[in-house]
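This is what each chain is made of:
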Amino acid sequence: MVVDAHVMIGASRDASLAVDDLLLTMETLGIDITLISPPEGTLPVRNREGNELVARVAAASGGRLLAYAVATPWLGMDAVEELERAREAGARALKLDPALQGFDILDGSVDPLVGFAVDSGWPIYVRTGTPPHSLPLQVAWLASHFPGGRFVLGKSGATDFSHDGPAALAAAANVYADSSHVEWPTALAAGDPGGAGGRVVFTTDAPFADADVELARVTEAPLTETVRAAILGQTMSRLLGL
């Protein structure tokens, strides 16, 4: 099974992705399941609009698409209530974007949302790479305070902070790398097939990256077939409880 752990549907500032185009790409590349994020503009505001959109799309996909839920920590407990509504509508994971949503991972404001995700058994995707509040080592710090959570380093710190990615994985055993945009996740898995291979998940990060290129980053890397299968789908399937 091939699982794409992150794409963003709809129109964003610099790119857009139509659902029909996503499904065609999945069929062409042999991707079985994709986790879909609400559009960029609904992450800091209009959370319910974004959550309702991905819920409708996922429900109509026959199980091929699974929804991320989003909520801004600035809404306090109202954000948790929004996540509850999203969970009832079928959401399977939490997406956080500290830079876009304007919060500090380290100040405790996001803790209620993370706690909800942990209690729900949801993996938590955190987009990283934008200073000062979206950095891999900050996610590792958060993960160390929620040992029951499973945290994915969205974009693996790309681009200026990708060098911090391996240290983040070393600092917290419940942090996972995203294969897109940078080479270090697959290189780490190739060098440590017994451990790092189970700490990397495949994403195309469409429409911000080329799906063909991101798939080739894993399929053409010097990996054992066991490690390749873990990256392409087994690890994320486990995190999702599939």
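Below you will find a few notes about this structure. (Residues numbered from 1 in each chain as written. Predicted model: local features only at pLDDT ≥ 70, side-chain atom pairs only at ≥ 80, totals over all residues. Heavy atoms only, no water.)

### Concerning the pairing of strand β9 (residues 175-178)
Burial along β9 is two-sided: V175 and A177 and Y176 and D178, pointing in opposite directions, are all buried. The pairing of strand β8 (residues 151-154) with β9 spans three bridges and is parallel. Along β9, the bridge assignment pairs L153 with A177. This β-α-β element, β8 to helix α7 (residues 165-171) to β9, shows right-handed connectivity. The pairing of β9 with strand β10 (residues 200-201) spans two bridges and is classified as parallel. Of the residues in β10, the one forming a bridge with A177 is V200. Once you follow β9 into helix α8 (residues 184-191) and on to β10, the crossover reads as right-handed. (Buried < 20%, exposed > 50% of the residue type's maximum accessible area, 1.4 Å probe, protein only. Helix = DSSP H or I, 4+ residues; strand = E, 2+ residues; numbered from the N terminus. Pairing = 2+ DSSP bridges. Right-handed = clockwise from strand over helix to strand, strands pointing away.)

### Here we look at the environment of P123
With respect to the helices and strands, the residue P123 is situated in the loop between α5 (111-120) and β7 (124-127). Once the C-alpha coordinates of P123 and E88 are considered, the two residues, 35 residues apart in sequence, prove to be 16 Å apart. Residues within four places of P123 in sequence aside, it is in contact with R92, A93, L94, R150, M236, L239 and L240. (Contact = heavy atoms within 4.5 Å.)

### A look at the sheet that holds strand β5 (residues 65-69)
On the basis of which strands lie adjacent, the open sheet formed by eight strands has the order β1-β4-β5-β6-β7-β8-β9-β10 and parallel pairing. In the strand order of this sheet, the two ends are held by β1 (3-8) and β10, each with one partner.

So yeah, pure geometry; function would need other evidence.
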